[in-house]
2 protein chains.
Amino acid sequence: MSKIEEFRQIIEDQIRMLERPTRPEGLYDPVKYVLSLGAKRLRPALCLTSAALFGDFSAAVFPAIGLEVFHNFTLLHDDIMDQSLVRRNQPTVHEKWDSNTAILSGDVMLIKAYELMAKSPVGVLPQVLEVFSKTATEVCEGQQFDMDFEKTTDVTEDGYLDMIRLKTAVLLGASMKIGGILGGGSLRDCSLLYKFGQDIGMAFQLQDDWLDVYGDQESFGKRIGNDILTNKKTFLLITALNRLESEPKKELLDWLERKEYLAEDKIAAVTRLFNEAGISEITQKKRDDFFFRAIENLEKVGGNKEIRIELQTFAHELMARAR
Amino acid sequence: MSKIEEFRQIIEDQIRMLERPTRPEGLYDPVKYVLSLGAKRLRPALCLTSAALFGDFSAAVFPAIGLEVFHNFTLLHDDIMDQSLVRRNQPTVHEKWDSNTAILSGDVMLIKAYELMAKSPVGVLPQVLEVFSKTATEVCEGQQFDMDFEKTTDVTEDGYLDMIRLKTAVLLGASMKIGGILGGGSLRDCSLLYKFGQDIGMAFQLQDDWLDVYGDQESFGKRIGNDILTNKKTFLLITALNRLESEPKKELLDWLERKEYLAEDKIAAVTRLFNEAGISEITQKKRDDFFFRAIENLEKVGGNKEIRIELQTFAHELMARAR
């Protein structure tokens, strides 16, 4: 078993053992529910791995769980705002209970996340809290930009990249940086880990966008073309809107507005327009830029070499997913 | 000008100078809006006053603002859950914008509150965070109990008192305790300040419930009988439901269910039933128990005597409001 796998297990066990009040049930049942749905525990596992690079990871265990609780808080509130019905193949909290329950349970999870962060050794506590609060604020900003973008077709590629950086990538960077701080890494190493985590997050999100259109149906978990059918503002769609000439751009906008169509027709037409603008190659290039920059930064990180190689392997596996 | 008044002014100025990002506007405009609506700044003023009891209050300024930001975050989210249209004579955030905006802006305010708390001197930071997180959690629990209670007529007096303690009183206690910690007060003094703040909060809430029925229309800000008309679960209603005999209890329940009536008839009938059960006296007795216990505990607090007397005067003024 790899170190990362081992750390995932530790987190899973610790989350189950987390002392949690039971009353009022309306507040705490949803928290239990959302934390028990099978999750990858990616952020806390990366946090512990980063700590272990420099020595003892034990000081990072509670803050790592705090990162997972925070991540799940964002999913809970985002799902209300996006009116999502399903998360991890189960009904979302606002579906299973109601919106009020999802708001308040989410609030108490954000508080719990800070409570766990505050278990950091006092010598590094201000530093950990600073990274965490900055990141948490950015994640909210990213969600706001995402909602703003859904209301317009006028989004730049850089605007989109900045949105996914805020909404997704910074938390991966912060998870690794906080792990590094708690493990006793140098300022330079912690900063490199942050960059690695953030860039891997960017590459992963671009890969996710790309797979929706160009992935292999069998190995890809979700239905191919789903983002196209829901008009989701992905890097592909935004790049196409920015780069297509006026005629094909008009055709693309028509497809976005059309209410009645066969699913396969819309997927085929939009994919053809993407192909015309070379969107697949542009996206892959962008993804690879982030990925290789991430690997370059990782190679500069000090600490235990074996664990660093594990992180590298992990990054490659993450990108190879469903390709 | 009293010290408390002076501290209110300091908080008001500092809040205005608070560095606040502007983009995305959809996230930060509501935060600015809600923090600029005229508020009493009661919690931060009590926090600074508590700090000043023991010496220099300057370390408490940012955490005090954190308490005010936290309080406003709870109002923002509570107003969504309670579907309130107006707050401080202005439209609520979810009314002026929408629910999603109110959820996300509230989230970023809770993060900001922690960011301000984290500016406490590192020597007392873990202690401040522990009080704050415990209290923030309790406030969420109080809101959940409040929502639960609105769905049932089966609430005990102790259950109601515990709900208002969690929802309202603990934050006043915590504001004073955190101030005490940051001012350098002893453990014993900080604990006494907490009890004082909490009990004053309880007395104030009971007074608020009582005034709705027995207050003087001219001096009371709100309309007399408003809680009766909206079937609000106040201490008066809950005590009446628990203490009335079967016949008058049935009459009270009938009034709660009735859809068509003249406002003055319902107010008169329910007030008569309250009078039958001696609810006014019971409520005043309960209120005074909390109030006098608060004053007793305040008298045991060390530190600057003049400031302690100011706190005592303030407590009396708070209770004399609109009587």
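Anything mentioned here points back to the structure above.
Let me sum up the structure you'll find in this document. (Residues numbered from 1 in each chain as written. Chains lettered and ligands numbered in written order. Predicted model: local features only at pLDDT ≥ 70, side-chain atom pairs only at ≥ 80, totals over all residues. Heavy atoms only, no water.)

This part takes up the relation of the copies chain A and chain B. Superposing chain A onto chain B takes a rotation of 180 degrees plus a shift of 0.0 Å along the axis, which leaves an RMSD of 0.0 Å. Taken together, the turn and the small shift mark the pair as related by a two-fold rotation axis. A high fraction, 100%, of the interface residues of chain A reappear at the interface in chain B, so the copies pair face to face through one surface. (Least-squares fit on C-alpha atoms with pLDDT ≥ 70 in both. Contact = heavy atoms within 4.5 Å.)

This part covers the packing of helix H8 (residues 157-183) of chain A against helix H9 (residues 187-214) of chain A. All names here are of chain A. The interhelical angle for the contact between H8 and H9, taken along N-to-C directions, is 140 degrees, at an axis separation of 7 Å. Relative to H9, H8 is oriented oblique. Helix-helix and strand crossings are classified by hand; for H8 and H9 the assignment is right-handed. Looking at the contact of H8 with H9 residue by residue, the classes come out as 15 nonpolar, seven polar and three charged. (Axes fitted to C-alpha atoms, helices over the stretch in contact; angles between N-to-C directions. Helix = DSSP H or I, 4+ residues; strand = E, 2+ residues; numbered from the N terminus. Parallel < 35°, antiparallel > 145°, perpendicular 65-115°, else oblique. Left-handed = near helix turned anticlockwise from the far one by under 90°. Nonpolar A, V, L, I, M, F, W, Y, C, P; charged D, E, K, R; others polar.)

How big an interface is tends to be stated in terms of the accessible area lost upon association of its parts. Facing 35 residues of chain A, the contacting portion of chain B comprises 35 residues. Of the roughly 3200 Å² buried where chain A meets chain B, counting both sides, 74% is carbon and sulfur surface. In this structure, the connection of chain A to chain B is made through zero salt bridges. The tally of links from chain A across to chain B stands at six residue pairs in polar contact (both at pLDDT 80 or more). Going through the elements one at a time, helix H2 (25-36), helix H4 (61-81), helix H6 (99-117) and helix H7 (125-150) of chain A are the ones with two or more residues in the side of chain A that touches chain B. Sort the elements by how many residues they give to the side of chain A that touches chain B and H7(A) lands first, with 14 residues. Considering only residue class, the side of chain A that touches chain B consists of 22 nonpolar, seven polar and six charged. (Buried area = accessible area lost by both parts, 1.4 Å probe. Salt bridge = Lys/Arg side-chain N within 4 Å of Asp/Glu carboxyl O. Polar contact = N/O pair within 3.5 Å; in protein donor to acceptor, adjacent residues only side chain to side chain.)

All right, on to the pattern of salt bridges then. Counted according to the given criterion, the structure contains 38 salt bridges over all chains. We note a salt bridge from Lys3(A) to Glu6(A), for which the minimum N-O separation is 3.5 Å. Of this pair, Lys3(A) and Glu6(A) both sit in helix H1 (residues 3-17), separated by three residues, roughly a single helical turn. Relative accessible area serves as the criterion here: at 29%, Lys3(A) is assigned to the partly exposed category. Judged by its relative accessible area of 30%, Glu6(A) falls in the partly exposed class. Across the pair Arg41(B) and Glu68(B) runs a salt bridge whose closest N-O atoms are separated by 2.9 Å. Separated by 27 residues along the polypeptide, Arg41(B) in the loop between helix H2 (25-36) and helix H3 (42-54) and Glu68(B) in helix H4 (residues 61-81) bring together distant segments of the chain. (Buried < 20%, exposed > 50% of the residue type's maximum accessible area, 1.4 Å probe, protein only.)

Look at helix H14 (residues 279-299) of chain B: 30 Å from first C-alpha to last across 21 residues, which is about the 30 Å you get at 1.5 Å a residue. Looking at the packing, one finds that the buried side of H14(B) touches helix H8 (157-183), helix H9 (187-214), helix H11 (235-243), helix H13 (263-276) and helix H15 (305-320) of chain B. (Expected span 1.5 Å × (residues − 1).)

A few words now on H7(A). Helix length check: H7(A) (26 residues) gives 38 Å between terminal C-alpha atoms against 38 Å at 1.5 Å per residue, within 8%. Counting buried positions along H7(A) gives 20 out of 26 residues, so the element sits mostly inside the fold.

All right, on to the packing of aromatic side chains then. Scanning all chains against the criterion turns up 21 aromatic pairs over all chains. With 3.9 Å between their ring centres and 5 degrees between their planes, Tyr114(A) and Tyr114(B) make a pair best called stacked. Pair noted here: Tyr114(A) is in helix H6 and Tyr114(B) is in helix H6 (residues 99-117), and the two residues belong to different chains. Each member of the pair, Tyr114(A) as well as Tyr114(B), is classed as buried. Each ring, one from Tyr33(B) and one from Trp97(B), has its centre 5.4 Å from the other, and the planes form 75 degrees; the classification is edge-to-face. Placement of the pair is Tyr33(B) in helix H2 and Trp97(B) in the loop between helix H5 (93-96) and H6, with a sequence separation of 64 residues. (Phe/Tyr/Trp six-rings, centres within 6.5 Å; stacked < 30°, edge-to-face > 60°.)

All names here are of chain B. Note on placement: Gly225 falls in the loop between H9 and helix H10 (226-229). With a relative accessible area of 0%, Gly225 lands in the buried category. Remark: the alpha-carbon pair of Gly225 and Asp212, spanning 13 residues in sequence, is separated by 5.4 Å. Leave out the neighbours within four places in its chain, and Gly225 touches Asp212 and Ile267.

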